[in-house]
Amino acid sequence: MKKILLLNGPNLNLLGKREPGIYGEKTLKDVEENVTSLGMTLGFEVRCNQSNHEGEIIDQIHEAFFSGYHGIILNPGAYTHYSYAIRDAVAGITIPVIEVHISNIHAREEFRHKSVIAPVTAGQIVGFGIKGYELALLALNMERG
Ligand code: CA2
C-alpha cells in the first residue's frame with residue numbers, strides 16, 4: 001500500500017485547545033483520524049507526525065523520501081515563513097509535498113503572507129480549515145502513478 005506522511009510543525013499540537021477563533025475547535029487527533037480514514041478509503045497508509053523542532057521535521061522529510069513514501073502533506077507552522085532549512089529538505093527530495101495551512105495566511109499579518117517553502121512544493125492549500133489536509137490527500141491521489 002502506498003504510504004503518505006502527514007507532518008505538522010510547531011504548535012499544531014495545540015490545535016483545538018487554544019485560539020479556536022483562528023484554528024477551529026478540532027484537535028490534531030481529529031485531523032490525523034480524518035486523514036487516516038480518507039487514506040484507507042483511497043488505499044493509502046497514512047503515517048502521522050507532529051514536531052516542534054526544525055531538525056526533527058527535516059529528518060522526517062528525508063526519512064519519508066528514503067523509505068519510499070508516495071508523498072507528504074506538510075503544515076510547517078511558523079517555519080513556513082522563514083525556514084530555508086525545511087525548504088532545502090523539500091527541494092532535495094523528488095516525491096510531491098503539499099503545503100497546507102488551516103488559516104488563510106494571505107488574509108493575516110504581513111509576515112505570514114510569504115511562504116519560503118511553497119516554491120519547492122507541488123502545491124499549497126490554504127484557508128479551508130482542517131479540511132485542507134484532506135484536500136491535500138485528494139491532490140496526492142490525483143498524482144498517483
Ligand atoms: O494556518 C496555519 O495552518 C499555520 O501554519 C498555523 C501556524 C502559523 O504560524 C502559520 O502562520 C499558519 C501556527 C500554528 C499554531 O497553532 C495553534 C493552534 C491552536 C492554538 C495555538 C496555536
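As a starting point, this report considers the structure included with it. All values derive from a computational prediction rather than experimental measurement.

**Remarks on unusual backbone geometry**
And step 1. Of note, the phi angle at N11 is positive, near 75 degrees, even though the residue is not glycine.
And step 2. Relative to the helices and strands, N11 is located in the loop between strand 1 (2-8) and helix 1 (20-23).
And step 3. On the accessibility criterion, N11 (52% relative accessible area) is exposed.

**Things to note about the side chain of H101**
And step 1. Of note, H101 is situated in strand 4 (residues 97-101).
And step 2. When its relative accessible area of 4% is taken as the criterion, H101 is described as buried.
And step 3. Apart from the residues lying within four places of it in its own chain, the contact partners of H101 are N75, P76, G77, T80, Q124, I125, V126, G127 and F128.

**Looking at the site of the ligand**
And step 1. Around the ligand, the surrounding shell holds 17 residues, and the nearest of these are N75, H81, I102, S103 and R112.
And step 2. Between the ligand and the protein, one listed contact pairs an oxygen atom with a side-chain N or O atom of H101 at 2.9 Å.
And step 3. R112 is positioned with one of its side-chain polar atoms (N or O) 2.8 Å from an oxygen atom of the ligand.
And step 4. Contact with the protein chains removes 95% of the 510 Å² of surface that the ligand exposes when unbound.

**Here we look at a nonpolar patch on the surface**
And step 1. A grouping of F128, L135 and L138 is seen on the molecular surface, where their side chains present a nonpolar patch of about 280 Å² in accessible area.
And step 2. By the secondary structure assignment, F128 is in the loop between strand 5 (123-126) and helix 5 (131-142).
And step 3. Classification of F128 as exposed rests on a relative accessible area of 55%.

**Quick word on helix 5**
Residues three or four positions apart in an α-helix share a direction because the helix packs 3.6 residues into each turn.
And step 1. Compared with the 16 Å implied by 1.5 Å per residue over 12 residues, the 17 Å span of helix 5 between its first and last C-alpha is a close match.
And step 2. Among all positions of helix 5, only G132, Y133, E134, A136, L137 and L140 are buried.
And step 3. Against strand 1, helix 2 (28-42), strand 2 (44-50), strand 3 (71-75), strand 4 and strand 5 lie the buried residues of helix 5.

Quick notes on the rules
Residues numbered from 1 in each chain as written. Predicted model: local features only at pLDDT ≥ 70, side-chain atom pairs only at ≥ 80, totals over all residues. Heavy atoms only, no water. Helix = DSSP H or I, 4+ residues; strand = E, 2+ residues; numbered from the N terminus. Buried < 20%, exposed > 50% of the residue type's maximum accessible area, 1.4 Å probe, protein only. Contact = heavy atoms within 4.5 Å. Near = heavy atom within 4 Å. Polar contact = N/O pair within 3.5 Å; in protein donor to acceptor, adjacent residues only side chain to side chain. Areas by Shrake-Rupley, 256 points an atom, 1.4 Å probe, with all protein chains shown as cover. Patch = residues over 30% accessible without salt bridge, like charges linked within 9 Å, V, L, I, M, F, W, Y side chains within 5 Å. Salt bridge = Lys/Arg side-chain N within 4 Å of Asp/Glu carboxyl O. Expected span 1.5 Å × (residues − 1).

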